[in-house]
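One-letter residues, chain by chain:
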Amino acid sequence: MLFNFRSCLMSALAFSAILPASAQEAPPPPEEQQQANTSEMLTNWLMIDVLDRNCRIFGLTDRVALTREIGAYTRVWRASQGAATPDALLANLTGLTETAVERAEEINCDDAMNYLFQARREYFRSLLAQIVSAAGNESWDSEPDAIKASWQALVNEIGGFFGGEEFNRLRSIFEAEVEGADLDREELWSQLRPILFATHWQLSVAEDGFSVYPQRQAGGQFNYVFTRNETEEDLPYSITAPTEIAVSGEDGQPHALLSATGKSDDDRVVVFLQKYDSSAQPNELNAGMLVQQPAQAGIAPSLRSFDAEPLPEADCPTDFCFIFPAEATPPTDNAQNRAIQLVFTPATEEAE
């Protein structure tokens, strides 16, 4: 099924080396041809990744969905490479990435719109299939209202993109495919939740006049930036995609919210937190960092703590925004040897 979806995209983009429409009936291609097919398809998806960074047509929800789609196809590509060693896989993937960058450099952002919309068609199909498959999961009733609203916003966005007739046709196809199937709907729902985190994050920061876009250059762990909608200026922080954590409120009870960590342009650790409900606890937070350094080369182990400062309100797109002192940032040659724990406590209490 993955090949069929991808071949639709590659055909629409007029790329070569795609599987024919009758791929399901035809005998499988020789191993070398299959490797060439998957390599070409992955290169095209990597090109879409570069175009998305360069042109910033869509926001965080699309970016997380696109990244997941590329990751899934990268696994298909790795599996197609047979007994290739890890070093050979890395070298081959580096070559595909370089080719993707070269192709993207020849496409301006006006022309990139067509490529990105065709890609969106494919990962929206994947998302709709997963939404249908996860329907009826037992976790739905206990989800925050914001997650349910994000689910509805995502469904509306997919429906608006395809149009009512095509949306209903696709939904019927996916419903027929999963009817009577023994599915782990809880697992499927858990896989869908990061997309909903991204949707809630995107909708929330938009209320304060911000968007979230990918870094123009691949940034490793910290792949996203906040952008002021009015000026299209990036804030001087790069962050991860949001994840869900639990933080104690003034009532002493844990409250779920979303968190993204990152670094400032001057290499200081930053943390952004967004509540599901702006009226919910906690109302005020302190942030601290515990850093454990193991013993090495005759140096005794140590445990240090650092307190964060709130970012200026103008630079804070979320409910809580913190920046740590420069001393909390580990030296590059020592970063992997440290254990770091972030600690959040209500502002009325002292951090432990």
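Right above here is the structure, for reference.
These lines cover the structure that appears in this document, whether it is placed above or below. In this convention, every chain numbers its residues from 1, walking through the sequence in written order. Local features in a predicted model are, by the rule used here, given only for residues with pLDDT of at least 70; side-chain atom pairs are given and counted only at 80 or more, and totals for whole chains, interfaces and linings are based on all residues. Just so you know, side-chain values use all the structure's heavy atoms and leave hydrogens and water out.

Together, Glu98, Glu102, Glu105 and Glu106 make up a region of like negative charge exposed at the surface. Only runs of H or I of at least four residues qualify as helices and only runs of E of at least two qualify as strands under DSSP, and these elements are numbered from the N terminus. Here Glu105 is to be found in helix 4 (residues 86–105). The exposed category is assigned to Glu105, whose relative accessible area is 63%. Residues enter patches when their relative accessible area tops 30% and they take part in no salt bridge; the joining distance is 9 Å for like charges and 5 Å for the nonpolar side chains Val, Leu, Ile, Met, Phe, Trp and Tyr. Residue-level accessible areas treat just the shown protein chains as cover; the underlying method is Shrake-Rupley with a 1.4 Å probe. Salt bridges are identified by distance alone: a Lys or Arg side-chain nitrogen within 4 Å of an Asp or Glu carboxyl oxygen. For the purpose of counting charges, residues Lys and Arg are taken to be positive, whereas Asp and Glu are taken to be negative. His and the chain ends are not included. By convention, the charge on Lys lies at NZ, on Arg at CZ, on Asp at CG and on Glu at CD. A simple rule labels every residue: compare its accessible area, found with a 1.4 Å probe on the protein chains alone, to the largest value its type can have, and call it buried under 20%, exposed over 50%, or partly exposed in between.

This part is about helix 5 (residues 109–134). When the terminal C-alpha atoms of helix 5 are compared, their 35 Å separation across 26 residues agrees well with the 38 Å that a helix rising 1.5 Å per residue should span. Looking at where helix 5 begins, the residue whose side-chain oxygen comes 3.1 Å from the main-chain nitrogen of Asp110 is Asn108. Gly136 sits one or two residues past helix 5 and shows a positive phi near 90°. Here, expected helix span is obtained from the residue count minus one, scaled by 1.5 Å. Here a polar contact is recorded for every N or O atom pair within 3.5 Å, except that within protein the pair must consist of a potential hydrogen donor and a potential acceptor, and residues adjacent in sequence are included only if both atoms are side-chain atoms.

One can find Trp140 in the loop between helix 5 and helix 6 (145–162). Note on Trp140: relative accessible area 26%, which makes it partly exposed. Sequence separation of Trp140 and Glu186 is 46 residues, and the distance between their C-alpha atoms is 9.4 Å. Residue contacts are defined here by distance: any two heavy atoms, one from each residue, within 4.5 Å place the two residues in contact. Discounting chain neighbours no more than four positions away, the residues touching Trp140 are Lys148, Trp151 and Trp189.

Right, let's talk about the sheet that holds strand 11 (residues 339–346) for a bit. Here, strands pair whenever DSSP counts at least two bridges between them. With antiparallel pairing, three strands are arranged side by side in an open sheet as 8-7-11. Of all the strands in the sheet, just strand 8 (302–307) and strand 11 have a single pairing partner and so form its edges. When strand polarity is set aside, the average angle formed by the axes of neighbouring strands in this sheet is 20°. Bridging between strand 7 (residues 285–293) and strand 11 involves eight bridges; their strand directions are antiparallel. Within strand 11, the residue paired with Gln292 across the bridge is Ala339. Axis definition: a line fitted to C-alpha atoms, limited for helices to the stretch in contact. Angles are taken between N-to-C directions and run from 0 to 180 degrees.

What you tend to see is this: most non-glycine residues have negative phi, and most peptide bonds are trans. Between Gln281 and the following residue, Pro282, the backbone shows a cis peptide bond with an omega angle of 0°. Relative to the assigned elements, Pro282 resides in the loop between strand 6 (269–275) and strand 7. The backbone of Glu232 sits at a positive phi, close to 60°, despite the residue not being glycine. By secondary structure assignment, the location of Glu232 is in the loop between strand 2 (224–228) and strand 3 (237–239). Glu232 gets classed as exposed once you look at its relative accessible area, which sits at 67%. With a phi angle near 70°, Asp267 is a residue other than glycine that sits in the positive phi range.

Now for the pairing of strand 6. Counting buried positions along strand 6 yields seven of seven residues, so the element is predominantly enclosed. Side chains Val269, Val271, Leu273 and Lys275 project from strand 6 onto one buried face, and the interleaved Val270, Phe272 and Gln274 project onto a second face that is buried too. With seven bridges joining them, strand 5 (residues 254–264) and strand 6 adopt antiparallel strand pairing. Residue pairing for strand 6: Lys263 is matched across the bridge by Val269. From the end of strand 5 to the start of strand 6, which pair antiparallel, there are four residues, and Asp267 there has a positive phi angle of about 70°. Of the pairings in the sheet, the one linking strand 6 to strand 10 (residues 320–323) comprises four bridges and is antiparallel in character. Bridging across to strand 10, Leu273 finds its partner in Phe320.

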